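Breakdown of the fold
Chain by chain, the residues run as shown.
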Amino acid sequence: MPLPEGILDSALDAVGHTPLIRLDRIASVEGFKCNLLAKTEFLSAGGSIKDRIAKRMLEEAEKSGRLIPGVSTVIEATSGNTGIGLALACALKGYPLIITLPMKMSNEKIATLRALGAEVVRTPTEAAFDSPESHIGVAKRLRDAIPNSVILDQYSNPDNPLAHELTTGPEIIDAILADFSSHSSSHKSSGLVDVVVAGAGTGGTLTGVSRSLRRWNSEVIVIGVDPKGSVLAYPDALNESKDDAIYQVEGIGYDFVPKVLDRMPPTVDKWLKIGDDEAFPAALRLIKEEALLVGGSSGTALAGALKYLHSEEGKHIAQTEGKNVVVLLPDGLRNYMSKPWFLGAAQETETPLSKNIKKILERS
Ligand code: PMP
């Protein structure tokens, strides 16, 4: 599914259609022979993987008559990116939009939402999902009080995983097949996706991508990555460690299992737990070594892939030329420019070149 040719009607047509990019530098540093590949969702129109579900949930609700232009108000609880995707669609289609999201989520996301015309309500990060104060609870209270308002509900809406089953997964397959049949690539390829690694928030990405990839290759190994402190990994014993109970990485992990997440085999083969201490350095590696301007949850996904490929179970894949390992990178650095994990690493540091520049400028 390449980007439509010619002139696009609006930004909504530039949702998805994201490139699959080789992580050759990281693969080489790690000593891998397999192809390490990244699905770069920050290159979607709204800057994240959630644009796809926002577009689909909204358009399907219009088709079914649940949403009526000029009448309905859209309300959604999100960690920000679904909100930005919805705000993009609502700005173009003219729907008023209210976004509820936990305090933890970055100011950059709030600014983008407001720039797109959304009303933003921030809620306490520590509120349990089923309390009236949580972002989900506040969205429901507003829906009950505002006439003609609709919650599309990414946590239970089948159009969330379906968007990924119908677009994200098939785009990955198309890219692998195009590379396999081009004969011009200097890389060997199995012609299949052998391993896919993704984090889960609602779980829509993992569930939908897994469904389409497994239909194509029943042997694909699907790996879910979950922050330490979240309860999404399966079996539940994996979630028992209480260290890092509050994690800073945004958009993944929850204190309940959303309805749209199918976290067991054959949808997800294996779960890995990744802490902030592994996620943020891995995100910075994607930025510095591969020049991919990603956010924190992309680091979680990469750290999960590296952990698997270095494990007893995964190392035969890492050492097999032509095996294709795809890592989903959900959003971009735009959302996190002021966050300590990025700012700390972006300080001016003294290098041989910077010393030389100083010397030259002092002399001249
Ligand atoms: N990363 C980020 C930054 C996100 O905003 C989200 C969505 N909450 C995800 C990953 C996970 O996507 P999904 O909801 O499809 O599991």
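Cut-offs used in this document
Residues numbered from 1 in each chain as written. Predicted model: local features only at pLDDT ≥ 70, side-chain atom pairs only at ≥ 80, totals over all residues. Domains from an automatic or database assignment. Contact = placed C-beta atoms within 7 Å. Helix = DSSP H or I, 4+ residues; strand = E, 2+ residues; numbered from the N terminus. Nonpolar A, V, L, I, M, F, W, Y, C, P; charged D, E, K, R; others polar. Near = placed C-beta within 6 Å. Pairing = 2+ DSSP bridges. Axes fitted to C-alpha atoms, helices over the stretch in contact; angles between N-to-C directions.

1. Notes on the domain arrangement of the protein chain
Split into domains, the protein chain comes out as domain 1 (11–47 + 157–343) and domain 2 (50–151). Domain 1 and domain 2 are separated by 25 Å when their C-alpha centres are compared. In this assembly, 30 residues from domain 1 lie in contact with 23 residues from domain 2. A per-element tally of the side of domain 1 that touches domain 2 places helix H6 (residues 159–182) first, with 7 residues. Its residues placed into classes, the side of domain 1 that touches domain 2 shows 10 nonpolar, 14 polar and 6 charged.

2. Some thoughts on the site of the ligand
Taken together, 20 residues sit near the ligand, with Gly-201, Thr-205, Gly-251, Ser-297 and Pro-330 positioned nearest. Element by element, the count of residues in the shell around the ligand is highest for helix H7 (residues 204–216), at 3 residues. In terms of residue class, the shell around the ligand is made up of 5 nonpolar, 12 polar and 3 charged. Summarising the domain contributions, the shell around the ligand has at least three residues from each of domain 1 (11–47 + 157–343) and domain 2 (50–151).

3. Quick notes on the sheet that holds strand E6 (residues 149–151)
In a beta sheet, neighbouring strands pair by backbone hydrogen bonds and run either parallel or antiparallel. Ordered in space as E5-E4-E3-E6, the 4 strands form an open sheet in which the pairing is parallel. Pairing within the sheet leaves two strands with one partner each, and these edge strands are strand E5 (119–123) and E6. Neighbour-to-neighbour, the strand axes of this sheet turn through a mean angle of 20°, independent of strand direction. As paired elements, strand E3 (residues 73–77) and E6 share 3 bridges and run parallel to each other. Residue pairing for E6: Ile-75 is matched across the bridge by Ile-151.

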